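Coordinate inspection notes
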Number of protein chains: 2
Amino acid sequence: MEPFTQRSPRVVGARRLTRRTEREKAGRFLAEGANAVSAALERERGFVHELFVTTRAGQAYPELVTAARAAGARVSPVTDRAAASLSETVTPQGVVAVCELLDRPLEGLLAPAAQLVAILVDVADPGNAGTVIRVADAAGADAVILTGDSVDPHNGKCVRASAGSLFHLPLARARDTDAALDACRTAGLRLLGADGHAETALDQLVLDVPVAWVFGNEAHGLPAEVLESVDEGVRIPIYGRAESLNLATAAAVCLYGSAMAVRRSSGK
Amino acid sequence: MEPFTQRSPRVVGARRLTRRTEREKAGRFLAEGANAVSAALERERGFVHELFVTTRAGQAYPELVTAARAAGARVSPVTDRAAASLSETVTPQGVVAVCELLDRPLEGLLAPAAQLVAILVDVADPGNAGTVIRVADAAGADAVILTGDSVDPHNGKCVRASAGSLFHLPLARARDTDAALDACRTAGLRLLGADGHAETALDQLVLDVPVAWVFGNEAHGLPAEVLESVDEGVRIPIYGRAESLNLATAAAVCLYGSAMAVRRSSGK
């Protein structure tokens, strides 16, 4: 079979998915690179619709092609240029999967036993969102919720930064931040808002309780009304002279702080 | 005074400092943006040699111009294009300081009371190095040491990612990683190597002791011989399904883990 070129209708159609509006319309997005594709193929049957693969990538990652066929996905050979046209990286790996959108409704997202959730409010940078999703996954979070004006987690840069974690965790988007906070409150989670100006410092806090950490925009932090809604604003103590931490490292300290405290107190 | 253009000899000379070899030769580097310049101007008199500033930036940050004059730095008005030619960002702020290189010899770097040090071995990405320096500063680290093939911390992207922290902390570079490990050992620090494959997990460790955390390259981790030299290899426990954390978030968890444990056990 002749590989598809960048002008083949299937490739042209898939390329539209690099735009948010087209993703919403189609209900699909692109996962690029061996790590992301591999994680996508571990999802339920039917989740990956199509795998675009170059000759070279097919030789480098034969297990992905096998897994895609086994999962019932269409496997479409493409030229290097066609693969590059679907890619948002400088050095494309030549494997791109067309997947179902990942987010679910808030309702039913959280199991009653949920212990740790990350909420991102108005997070603008897709790389940051992806990195926080990766950290949340590593810390064993039960879900991630993106609210307000947050970036689309299906954005190519977010998919890449999450290093596969996007496919591991239940994920929801909620325009209305209050609805997300309510869902967590109903699930019995304590709401902690990360805020550099908060009175309470992380090291003064009893952390071994079920918690939803709420993180704000990279430049502006959390909106005042969100800080009023959470149970407590919490700052990471700055022991040196730095003014602050960036979003991803702050999230790492908070999420792991909670995850390790819960396991310490339960004797693991 | 007419502002310097991008062809003025002073600007041409300063622009050379965007290259590592030229920085080594001149013993100087560029700090760009209001945050970095402000932190640079808090250093000792003579540390900032010259401040290039556009008309607009002079109006936006008059305090920087005043501080530069007070610190004995030459203040040089430049055109927008000249400032952009010294800048490595997409939207230059129009303030660039020519500073003394920051690194010191290993010898004498660590006070006998040093509690927390970060060592970066072969760290390649300047943004990562800068972010780890920022985290180390926030966690109250006593010093940061870059060894082996690590990126030059005076690289523009590293300066920016450190958000001023580069100017806050004692900093050394050592081609020879062993020399850095020895210096920390002599200072009474326990050497912990961050390693995703280590047997010991962070949450099994007694962390309230003086420690040097050793972090490796983004892709390859720590070299085998470094892992053999440290007192203990330590992995961050992965409670979910992520394969790993990225360098900056891993460093945040480790450095804050130590910083908070020390303060917890001393009752702050």
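Note that the coordinates shown come from a computational prediction; the quantities given were computed from them, not determined experimentally.

**Topic: the packing of aromatic side chains**
Applying the stated criterion across every chain yields a total of 8 aromatic pairs over all chains. Plain terms: the ring middles of F47(A) and F167(A) are 6.0 Å apart, the flat faces sit at 85 degrees to each other, and that makes the pair edge-to-face. Of the two residues, F47(A) sits in the loop between α3 (34-41) and β2 (48-53) while F167(A) sits in the loop between α8 (156-161) and β7 (171-174), which places them 120 residues apart along the sequence. For the pair F47(A) and F167(A), one class covers both residues: buried. Arranged with centres 6.1 Å apart and planes meeting at 10 degrees, the rings of W213(B) and F215(B) form a pair that is stacked. Side by side, W213(B) and F215(B) carry an identical accessibility label, which is buried. An aromatic cluster is built from F29(A), F47(A) and F167(A), whose rings are joined through pairwise contacts.

**Some details on the relation of the copies chain A and chain B**
Least-squares fitting of chain A to chain B yields an RMSD of 0.0 Å, with the transformation described by 0.0 Å of translation along the axis and a rotation of 180 degrees. Overall, the copies show the geometry of a two-fold rotation axis.

**Focus: the interface of chain A and chain B**
In this assembly, 34 residues from chain A lie in contact with 34 residues from chain B. Counting the surface lost from both chain A and chain B, the interface buries some 2,900 Å², and carbon and sulfur atoms represent 61% of this. If you sort the residues of chain A by the area they bury against chain B, R134(A), Y239(A) and R241(A) come out on top, with a joint share of 23%. Where chain A packs against chain B, one counts 2 salt bridges. Between R241(A) and E42(B) there is a salt bridge; the shortest N-O distance is 3.5 Å. Taken together, chain A and chain B are joined by 18 residue pairs in polar contact (both at pLDDT 80 or more). Those elements that place two or more of their residues in the side of chain A that touches chain B are α7 (126-138) and α11 (247-265) of chain A. Ranked by residue count, the leading element in the side of chain A that touches chain B is α11(A), at 9 residues. Here the residues of the side of chain A that touches chain B are counted per class, giving 17 nonpolar, 9 polar and 8 charged.

**A word on the pattern of salt bridges**
Overall, the coordinates contain 28 salt bridges over all chains when judged by the stated rule. Here D80(B) and R56(B) are joined by a salt bridge, their closest N and O atoms 3.2 Å apart. Separated by 24 residues along the polypeptide, D80(B) in helix α6 (residues 80-85) and R56(B) in helix α4 (residues 55-60) bring together distant segments of the chain. We note a salt bridge from D182(B) to R185(B), for which the minimum N-O separation is 2.9 Å. Here D182(B) and its partner R185(B) are both found in helix α9 (residues 177-186), 3 residues apart, which amounts to about one turn of the helix. Among the ionic contacts, a cluster of salt bridges with common partners joins R20(A), R23(A), E24(A), D103(A), D152(A) and R173(A).

**Description of the domain arrangement of chain A**
One frequent convention defines the size of an interface as the accessible area lost when the parts assemble. Residue and element names in this part refer to chain A. For chain A, the assigned domains are domain 1 (9-100) and domain 2 (116-265). For domain 1 and domain 2, the distance between their C-alpha centroids amounts to 30 Å. Taken together, the contacts link 15 residues of domain 1 with 13 residues of domain 2. In terms of surface lost to domain 2, no three residues of domain 1 exceed R20, F29 and E88, which account for 37% of the buried area on that side. Summed over the shared surface of domain 1 and domain 2, the result is 2 salt bridges. When the shortest N-O distance is used, the salt bridge between R173 and E24 registers 3.2 Å. Inspection of the domain 1/domain 2 interface yields 3 residue pairs in polar contact (both at pLDDT 80 or more). Contributions of two or more residues to the side of domain 1 that touches domain 2 are made by α2 (20-26), β1 (28-32) and α3. A class-by-class count of the residues in the side of domain 1 that touches domain 2 yields 8 nonpolar, 1 polar and 6 charged.

How each quantity is defined
Residues numbered from 1 in each chain as written. Chains lettered and ligands numbered in written order. Predicted model: local features only at pLDDT ≥ 70, side-chain atom pairs only at ≥ 80, totals over all residues. Heavy atoms only, no water. Phe/Tyr/Trp six-rings, centres within 6.5 Å; stacked < 30°, edge-to-face > 60°. Helix = DSSP H or I, 4+ residues; strand = E, 2+ residues; numbered from the N terminus. Buried < 20%, exposed > 50% of the residue type's maximum accessible area, 1.4 Å probe, protein only. Least-squares fit on C-alpha atoms with pLDDT ≥ 70 in both. Contact = heavy atoms within 4.5 Å. Buried area = accessible area lost by both parts, 1.4 Å probe. Salt bridge = Lys/Arg side-chain N within 4 Å of Asp/Glu carboxyl O. Polar contact = N/O pair within 3.5 Å; in protein donor to acceptor, adjacent residues only side chain to side chain. Nonpolar A, V, L, I, M, F, W, Y, C, P; charged D, E, K, R; others polar. Domains from an automatic or database assignment.

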